[in-house]
Amino acid sequence: TAELMDNYIAYFWLILSNSFYPVLPRAIGVGSAFEGWSPREQDVVYRVLIPMTPPRGHSFHLELDSAGERHVRNFRVRVQLECTCSREQQEENMLCFLHHPEEELRSNQDPSLLDTLCTDSYLDVHKTARWFYQLVRAVWPALPQSHSWHLKLLPSRRSCQIKVTNGTESFRIEVLFGVQRDDSHIFVSSQPREAYTPSTTWPETYAVAETEFFEHIARQAPPDSLHLKCLQFFARLQLGFGFSTYTTKTIVMHLLNVEPVSSWRRRDLLLRLVDISESLRLCVQAKRLNHFIVGNWRLPGDIRLPRDVQMDKRNNLFHHLAQQSAAHRQAISEYQVM
C-alpha cells in the first residue's frame, strides 16, 4: 500500500506541479492496519491520509464550525486568493488572480482553486473526491503495479476507495484527504463522523497523532511485547457487542501511557488482559471514558497538538451512557456477558 501510494504521489507531483489544484505531499498511513493490529484480518482496509497544502496564489484558513455537536469538532476550510505580483519575476507564467483583469486570466491561465474544488469559497469534500478519482484512474496505466494488478474504484463521496487484485491477493485502500492544523499531528479530514456530513464540513481527526503514539511505543517496546496482541484480542472479543473497537483502542492507549512498556511481555499477558477488562468495567460503571488525545497532558513530547486541543476539557467517549440510563444498563449487561 505504501509503495503504491508513493508511486501515485510521484506522478501527481509531476502532473500538478504547475496547476492550481491542492499540492499533495506523501500519504500517511493511519488506523489499525498501520498501527499493527486489526479486529478483522480477512477484510482489513488500509487507510491513508493525504495532507493537502494550498497551491501557489492561494491559502487555507480553518474555521471552527460551532453548529456541530458538542462532542465533535468540525471545521470548514476557507480558500483565499493571495497576491503574487511580487513573485512575477520568479513565476513568469503566473498571473495574479487578485490584480489581473478577469478576461486576461480566463484567456491565459487555468481557473483558480476557488473555481474548481470549492463551494462558496470553502473547499468541498465531494468535489475533491471526484477530482482525485479522476487522477487515480488517469495515472494508473503509468504505474508499475498496473502490469500485474487490476484496479477497481469503489463508490464513495468523501474519500477515494481503491481495490487492487492480482488473482490470488486483493487489497482495499481508502484514501482520505486532510488539512493539517498548524504544525501539529492533528488534521481536519474528509472522513465523516455522522450519517450526513455537509460537503464543506471537515471533522477534526486524531488518527495521525494516535498512529504516532503507537510508533512511539514500538520504539520502546521489547521484542516480545504483546501490547498489540492484547489490543487485537479484545477488539475481536467485543465484535457483536455494543462496545466499539475505538473504545478498546482508547483503553489500551491509556494503559500503555501509564504502564511501563516493559510490563507487556509474554509473561505478563494475563495481567494485562485483566487490566483491560477491569478498565472497561470501571469506565462503564463511571459512565466515563476520556478521549486519549483531547485534553491529555501526559502524551509523549514528540506528539504535537494545537493548544486548543491540548487545553480542551477531556472529551467523554461514554457521554451517551451518562445521558441515557437504558444505554448504561445495556452496557453493564453486555460487559457481564462479554
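Residues numbered from 1 in each chain as written. Predicted model: local features only at pLDDT ≥ 70, side-chain atom pairs only at ≥ 80, totals over all residues. Heavy atoms only, no water.

- Named according to an unreviewed UniProt entry, the protein chain is IPIL1 protein originating from Sylvia atricapilla.

## So, the overall build of the protein chain
Stage number 1. Counting its secondary structure elements, the protein chain contains eleven helices and eleven strands.
Stage number 2. In the protein chain, buried positions account for 48% of the 338 residues.
Stage number 3. Sequence separation of 24 or more characterises 62% of the internal contacts of the protein chain that already satisfy a separation of 6 or more.
Stage number 4. Of the roughly 17400 Å² that the protein chain leaves accessible, carbon and sulfur atoms contribute 49%.
Stage number 5. Seen as two clouds, the 37 positive and the 37 negative side-chain charges of the protein chain have centres 8 Å apart. (Helix = DSSP H or I, 4+ residues; strand = E, 2+ residues; numbered from the N terminus. Buried < 20%, exposed > 50% of the residue type's maximum accessible area, 1.4 Å probe, protein only. Contact = heavy atoms within 4.5 Å. Areas by Shrake-Rupley, 256 points an atom, 1.4 Å probe, with all protein chains shown as cover. Lys, Arg positive; Asp, Glu negative; His and termini not counted. Charge placed at Lys NZ, Arg CZ, Asp CG, Glu CD.)

## A closer look at the domain arrangement of the protein chain
Stage number 1. According to the domain assignment, the protein chain contains domain 1 (1–205) and domain 2 (221–337).
Stage number 2. Just the C-alpha atoms count here: the centres of domain 1 and domain 2 sit 31 Å apart.
Stage number 3. Between domain 1 and domain 2, a total of about 1700 Å² is buried, with carbon and sulfur atoms accounting for 53% of that surface.
Stage number 4. Our enumeration of links across domain 1 and domain 2 arrives at five salt bridges.
Stage number 5. Across the pair D308 and R73 runs a salt bridge, and its minimum N-O distance is 2.4 Å.
Stage number 6. Inspection of the region where domain 1 meets domain 2 yields six residue pairs in polar contact (both at pLDDT 80 or more).
Stage number 7. Classifying every residue of the side of domain 1 that touches domain 2 gives three nonpolar, six polar and nine charged. (Domains from an automatic or database assignment. Buried area = accessible area lost by both parts, 1.4 Å probe. Salt bridge = Lys/Arg side-chain N within 4 Å of Asp/Glu carboxyl O. Polar contact = N/O pair within 3.5 Å; in protein donor to acceptor, adjacent residues only side chain to side chain. Nonpolar A, V, L, I, M, F, W, Y, C, P; charged D, E, K, R; others polar.)

## Some thoughts on the side chain of H58
Stage number 1. Its location among the elements puts H58 in strand β3 (residues 58–65).
Stage number 2. Within polar-contact distance, the side chain of H58 engages the backbone nitrogen of L113 at 3.0 Å.
Stage number 3. H58 has contacts with F20, V79, Q80, L81, E82, F97, S112, L113 and L114, leaving out every residue within four places of it along the chain.

## Comments concerning helix α4 (residues 125–139)
Stage number 1. An ideal rise of 1.5 Å per residue puts 21 Å on 15 residues; α4 measures up with 21 Å between its terminal C-alpha atoms.
Stage number 2. Sitting at the head of α4, D124 places a side-chain oxygen 2.9 Å from the backbone nitrogen of H126. (Expected span 1.5 Å × (residues − 1).)

## Looking at the nonpolar core
Stage number 1. If you look at the biggest cluster of nonpolar residues, it comprises 39 residues, and the most contacted ones within it are Y8, F12, L24, L123, F132 and V175.
Stage number 2. Contributing elements (two or more residues each) for this core: α1 (2–16), β2 (45–51), β4 (74–81), α4, β8 (160–165) and β9 (170–180).
Stage number 3. Excluding residues that lie within four positions of it along the chain, L123 makes contacts with M52, F60, V77, V79, L113, L117, C118, T128, S199, T200 and W202. (Core = buried A, V, L, I, M, F, W, Y, C linked by side-chain atoms within 4.5 Å.)

## Re the packing of aromatic side chains
Stage number 1. Applying the stated rule across the entire model yields eleven aromatic pairs.
Stage number 2. Following the ring pairs from residue to residue traces out a cluster consisting of Y8, F12, F132 and F177.
Stage number 3. In this arrangement the basic side chain of R76 is found over the ring face of Y122, its NZ or CZ atom lying 3.9 Å from the centre. (Phe/Tyr/Trp six-rings, centres within 6.5 Å; stacked < 30°, edge-to-face > 60°. Lys NZ or Arg CZ within 6 Å of the ring centre and 35° of its normal.)

## What to know about the state of the cysteines
Stage number 1. One pass over the full model with this rule turns up zero disulfides.
Stage number 2. Here C283 stays free of any disulfide, with the sulfur of C230 as its closest cysteine sulfur at 17 Å.
Stage number 3. Take C283: its relative accessible area is 16%, and that puts it in the buried class. (Disulfide = S-S within 2.5 Å.)

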